[in-house]
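# A closer look at the structure
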Amino acid sequence: MVRLGINIDHIATIRNARGENFPSVVEAALVAETNGADLITVHLREDRRHIKDADVINLRNNIKTELNLEMALTQEMIDFALEIKPNFVCIVPEKRQELTTEGGLNVLANFDALGNAIEILKAHNILTSLFVDANSDQITAASDLGAYSIEIHTGKYANCKKPYLQNDVYYQIKDMCELANSLELVVNAGHGLTYHNVKPIANIPQMNELNIGFAIIANSIFWGLPKAVAKMKQLICEKQF
Ligand code: PXP
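First, a word on scope: everything that follows refers to the structure included in this document. Note that this is a predicted model, so its numbers are computed, not measured.

## Focus on the overall build of the protein chain
Along the protein chain, the regular secondary structure elements total 11 helices and eight strands. Principal-axis analysis of the C-alpha atoms places the extent of the protein chain at approximately 45 × 45 × 35 Å. Per-residue burial over the protein chain gives 51% buried out of 241 residues. By sequence separation, contacts in the protein chain at least 24 residues apart represent 67% of the contacts at least 6 residues apart. Of the roughly 11,400 Å² of accessible surface on the protein chain, 51% is carried by carbon and sulfur atoms. The centroid of the 22 positive side-chain charges in the protein chain is displaced by 7 Å from the centroid of its 29 negative side-chain charges.

## Looking at helix 10 (residues 214-223)
The complete set of buried residues in helix 10 reads Ala215, Ile216, Ile217 and Ser220. Two residues or fewer past helix 10, Gly224 is found with a positive phi of approximately 85 degrees.

## A closer look at the packing of helix 10 against helix 11 (residues 225-237)
Viewed as axis vectors pointing N to C, helix 10 and helix 11 meet at an angle of 125 degrees, and their least axial separation amounts to 7 Å. Relative to helix 11, helix 10 is oriented oblique. Seen from above, helix 10 lies across helix 11 with right-handed handedness. Residues Ile216, Ile217, Asn219, Ser220 and Trp223 of helix 10 form the contact with helix 11, whose own contacting residues are Leu225, Lys227, Ala228, Val229, Lys231 and Met232.

## Describing the site of the ligand
The ligand sits among 14 residues. The nearest are Glu70, Glu151, Gly192, Gly213 and Phe214. Between the ligand and Glu70, the relevant distance is 3.2 Å, taken from a nitrogen atom to a side-chain nitrogen or oxygen of the residue. Within the side chain of Glu151, an N or O atom sits 2.5 Å from a nitrogen atom of the ligand. Considered on its own, the ligand offers 400 Å² of accessible surface; in the complex 94% of this is hidden by protein. Because more than half of its atoms lie within 2 Å of the grid, the ligand is assigned to the largest pocket. In terms of residue class, the shell around the ligand is built from four nonpolar, seven polar and three charged.

## Details of helix 3 (residues 53-62)
If you check which residues of helix 3 are buried, you get Asp55, Val56 and Leu59. Down the axis of helix 3, the buried set is contained in an arc of 95 degrees. They therefore lie on one face. Residues of helix 3 that are buried in the fold lie against helix 1 (9-18), helix 2 (25-34), strand 2 (39-43), strand 3 (66-71) and helix 4 (75-84).

## Looking at the packing of aromatic side chains
As enumerated under the stated definition, the model contains four aromatic pairs in all. For the ring pair Tyr157 and Tyr170, a centre distance of 6.1 Å and an interplane angle of 45 degrees mean the geometry is tilted. Highlighted residues: Tyr157 in helix 7 (residues 155-159) and Tyr170 in helix 8 (residues 163-182), separated in sequence by 13 residues. For Tyr157, a relative accessible area of 4% corresponds to the buried category. Taking the relative accessible area as the measure of exposure, Tyr170 reaches 11% and is therefore buried.

## Examining the nonpolar core
In this structure, Leu130, Ile201 and Leu210 are the most contacted members of the largest nonpolar core, which totals 76 residues. Those residues within four positions of Leu210 in sequence are excluded, and the remaining contacts are Val2, Arg3, Leu4, Gly5, Ala189, Leu193, Val198, Ile201, Ala202 and Ile236.

The rules behind the values
Residues numbered from 1 in each chain as written. Predicted model: local features only at pLDDT ≥ 70, side-chain atom pairs only at ≥ 80, totals over all residues. Heavy atoms only, no water. Helix = DSSP H or I, 4+ residues; strand = E, 2+ residues; numbered from the N terminus. Buried < 20%, exposed > 50% of the residue type's maximum accessible area, 1.4 Å probe, protein only. Contact = heavy atoms within 4.5 Å. Areas by Shrake-Rupley, 256 points an atom, 1.4 Å probe, with all protein chains shown as cover. Lys, Arg positive; Asp, Glu negative; His and termini not counted. Charge placed at Lys NZ, Arg CZ, Asp CG, Glu CD. Axes fitted to C-alpha atoms, helices over the stretch in contact; angles between N-to-C directions. Parallel < 35°, antiparallel > 145°, perpendicular 65-115°, else oblique. Left-handed = near helix turned anticlockwise from the far one by under 90°. Near = heavy atom within 4 Å. Polar contact = N/O pair within 3.5 Å; in protein donor to acceptor, adjacent residues only side chain to side chain. 1 Å grid on protein atoms, 1.4 Å probe; cavity = no way out; pocket = protein on both sides within 12 Å on 5 of 7 lines; lining within 4 Å. Sits in = over half its atoms within 2 Å of the grid points. Nonpolar A, V, L, I, M, F, W, Y, C, P; charged D, E, K, R; others polar. Arc of directions from axis to C-beta. Phe/Tyr/Trp six-rings, centres within 6.5 Å; stacked < 30°, edge-to-face > 60°. Core = buried A, V, L, I, M, F, W, Y, C linked by side-chain atoms within 4.5 Å.

Listed below in structure tokens is the structure:
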């Protein structure tokens, strides 16, 4: 069964919009867990635009499943991860001006720094994932570094407006999942996945986990969070023939 990581960053976005202490990210995480989330994912951005340090600490102390901390490759974030000890760290590229993570990491250009981070985190029993585009050089480099997993950036697939182009991007992702699996990397994916586009990605045989946020939190306005989570879980677990 494909694992579902629920990214709850946008619960914090709503909370911060009014500077209130609700809606609670911990309550959202617990509701997500009750309704099918296998892990809780948060991105502690350097500008703290949504999730704050205290949120991660509260989640660590209260959730019942596993915590996946998305973060930039900085000393500040590595130190924070060592203090919090999430189950997983997913290293992502981060730009101040972007609305959301725009592309995958350049593993080759950051080879030594990533290698150091993976080693330090591993020594503290934290498994590291690298957020990469569906690119064989980047995936091979992730394997050379001893990363536990990769998370393939599905934004390009999700944003494709033309079905024939989306098909090409899809088959590239599928091939890269096979490659990663052959290199003994655990294969995850995420970004831009919705109720309409998730199934083909979830049905890739090597897929271990999907991290999904915006579509679920957005639809929870109409359906409520329990149904928004449960419906996504059902979709990713149904086999497509
Ligand atoms: N995975 C990673 C590494 C991300 O950076 C994000 C966005 O924060 C997601 C998954 C979730 O993307 P979305 O909110 O588009 O579902």
